[in-house]
Amino acid sequence: MIRKTVSNVKEALNGVQDGMTFMLGGFGLCGIPEKAISELVSLGVKNITCISNNAGVDDFGLGLLLQKHQIKKMISSYVGENNEFERQMLNGELEVELTPQGTLAEKCRAAQSGFPAFYTPAGYGTEVAEGKETREFNGKMYVLEEAFKADFSFIKAWKGDEAGNLIFKGTARNFNPCMCGAAKITVAEVEELLPAGELNPNEVHVPGIFVQRIFQGSNYEKRIEQRTVKTKS
């Protein structure tokens, strides 16, 4: 039987080095690989490139890596909740490649599927298309976007089994599934780890073929970026 479990986050991140490119699942702070990020901070890896829809907040998520200047380049879509990100970008301390959100997702999916590139109309006629090949299809212009190339994908799921099959909960599904299998090594951290065969096959969102390492985390904070509550009338 195939078992992809590792004992802890340290073992899961074996092989991580300076200068690597990492994909990190999540949307804002929802479904982010908290334990993997904390371990990257502890390891002190430098000059890394991070592919993630968001850049966390100042004191959580990818913001922890930004605090220690471990990130050389951010490839993301929305970064408005992180003041340190803004400061580093404006001061020229951080390379930033802003990508339309749908394009970012598709660049992950292309890598996952083994496609080197694809055409998309998003960004044509803007600075997003600068230096890229463009082509007309049926009277509409498209931009050629290359698939991402990453060393590790770090994924957060709700449940998983020893074979690497994953189930996500609610909106924590977001960018996680399309980043699975989109890098050389996919590491999944889960809240609940079960023996192979315990998950209902009809409920599995990502099959284990896309995952190389899986471990069980604990004490997840699951922070909310901006909590809004109704005022009493």
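Look a little higher up for the structure.
**Observations concerning the overall build of the protein**
Alright, step 1. Looking only at helices and strands, the protein features 6 helices and 11 strands.
Alright, step 2. Relative to the globule expectation of 17 Å for 233 residues, the C-alpha radius of gyration of the protein, 18 Å, shows essentially globular dimensions.
Alright, step 3. Each of the three principal axes of the protein carries a C-alpha extent, and together these read 50 × 50 × 45 Å.
Alright, step 4. Taken over 233 residues, the protein has a buried fraction of 47%.
Alright, step 5. Contacts spanning at least 24 positions in sequence make up 71% of the contacts within the protein whose residues lie at least 6 apart.
Alright, step 6. Total accessible area on the protein is roughly 12000 Å²; 47% of this is exposed by carbon and sulfur atoms.
Alright, step 7. Of the charged side chains in the protein, 26 are positive and 29 negative; the average position of the first set lies 3 Å away from that of the second.

**Re helix α4 (residues 83–90)**
Helical geometry note: an α-helix holds 3.6 residues per turn, so side chains three or four residues apart project in the same direction.
Alright, step 1. Glu84, Phe85 and Gln88 are the residues of α4 that are buried. One side of α4 holds all its buried residues, which, seen down the axis, span an arc of 105°. Away from its buried face by more than 90 degrees, α4 exposes Asn83 and Leu90.
Alright, step 2. On its buried side, α4 packs onto α3 (63–67), β3 (71–76) and β4 (95–98).
Alright, step 3. Phi for glycine 92, located one or two positions after α4, is positive at around 75°.

**Brief notes about unusual backbone geometry**
Alright, step 1. The phi angle at asparagine 47 is positive, at roughly 55°, despite the residue not being glycine.
Alright, step 2. When you line up the elements, asparagine 47 lands in the loop between α2 (34–43) and β2 (48–51).
Alright, step 3. For lysine 222, which is not a glycine, the phi torsion comes out positive at approximately 50°.

**Let's talk about the state of the cysteines**
Alright, step 1. Tallying each qualifying case throughout the model produces 0 disulfides.
Alright, step 2. Among the cysteines around cysteine 30, which has no disulfide bond, cysteine 178 carries the closest sulfur, lying 14 Å off.
Alright, step 3. Cysteine 50 forms no disulfide, and the closest cysteine sulfur to it belongs to cysteine 108, at a distance of 13 Å.
Alright, step 4. Residue class for cysteine 50 comes out buried when judged on its relative accessible area of 0%.

**Focus: the side chain of asparagine 165**
Alright, step 1. Mapped onto the fold, asparagine 165 is located in the loop between β8 (152–161) and β9 (166–167).
Alright, step 2. Within the structure, the side chain of asparagine 165 is placed 2.7 Å from the backbone nitrogen of glycine 208, a separation counted as a polar contact.
Alright, step 3. Filtering out sequence-adjacent residues up to four positions away, asparagine 165 remains in contact with Lys159, Gly160, Leu199, Val204, Val206, Pro207 and Gly208.

**Some thoughts on helix α5 (residues 101–113)**
Alright, step 1. Over its 13 residues, α5 extends 19 Å from the first C-alpha to the last, a length consistent with the 18 Å expected when each residue adds 1.5 Å.
Alright, step 2. Along α5, the positions that sit buried rather than exposed are Thr103, Leu104, Ala105, Lys107, Cys108, Ala110 and Ala111.

**Structural notes on the pattern of salt bridges**
Alright, step 1. Taken as a whole, this structure holds 14 salt bridges when the rule is applied.
Alright, step 2. Between glutamate 39 and lysine 10 there is a salt bridge, with its nearest N and O atoms 3.7 Å apart. With a gap of 29 residues between them, glutamate 39 in helix α2 and lysine 10 in helix α1 (residues 9–12) connect regions that are remote in the sequence.
Alright, step 3. The exposure class of lysine 10 is exposed, given its relative accessible area of 57%.
Alright, step 4. The partner of glutamate 84 in a salt bridge is arginine 87, and the shortest N-O contact between them spans 2.9 Å.

**Re the nonpolar core**
Alright, step 1. Formed by 32 residues in total, the largest nonpolar core has its most connected members in Phe22 and Phe154.
Alright, step 2. Listing elements by their share of this core, those giving two or more residues are α1, β1 (21–24), α2, β2, α3, β3 and β8.
Alright, step 3. Top element by residues in this core is α2. It accounts for 4 residues.
Alright, step 4. Contact partners of phenylalanine 154, with chain neighbours within four places excluded, come to Leu13, Val16, Phe22, Met23, Leu24, Gly25, Pro33, Ala36, Leu40, Asn176 and Val187.
Alright, step 5. One finds Ile75, Leu104, Leu166 and Phe168 within the second-largest nonpolar core, a separate group that totals 27 residues.

**What to know about the sheet that holds strand β7 (residues 140–146)**
Alright, step 1. Strand order across the open sheet formed by 3 strands is β5-β7-β6, with antiparallel pairing between neighbours. The open sheet has two edge strands, β5 (117–120) and β6 (134–137), and neither has a second partner. The sheet shows a mean angle of 35° between the axes of neighbouring strands, taken without regard to direction.
Alright, step 2. Relative to β7, β6 runs antiparallel, the two being bridged by 4 bridges. Across the sheet, arginine 135 pairs through a bridge with tyrosine 142, a residue of β7.
Alright, step 3. Here α5 sits on the sheet in contact with β5 and β7, set at roughly 150° to β5.

What counts and what doesn't
Residues numbered from 1 in each chain as written. Predicted model: local features only at pLDDT ≥ 70, side-chain atom pairs only at ≥ 80, totals over all residues. Heavy atoms only, no water. Helix = DSSP H or I, 4+ residues; strand = E, 2+ residues; numbered from the N terminus. Rg over C-alpha atoms; globule rule 2.2 N^0.38 Å. Buried < 20%, exposed > 50% of the residue type's maximum accessible area, 1.4 Å probe, protein only. Contact = heavy atoms within 4.5 Å. Areas by Shrake-Rupley, 256 points an atom, 1.4 Å probe, with all protein chains shown as cover. Lys, Arg positive; Asp, Glu negative; His and termini not counted. Charge placed at Lys NZ, Arg CZ, Asp CG, Glu CD. Arc of directions from axis to C-beta. Disulfide = S-S within 2.5 Å. Polar contact = N/O pair within 3.5 Å; in protein donor to acceptor, adjacent residues only side chain to side chain. Expected span 1.5 Å × (residues − 1). Salt bridge = Lys/Arg side-chain N within 4 Å of Asp/Glu carboxyl O. Core = buried A, V, L, I, M, F, W, Y, C linked by side-chain atoms within 4.5 Å. Pairing = 2+ DSSP bridges. Axes fitted to C-alpha atoms, helices over the stretch in contact; angles between N-to-C directions.

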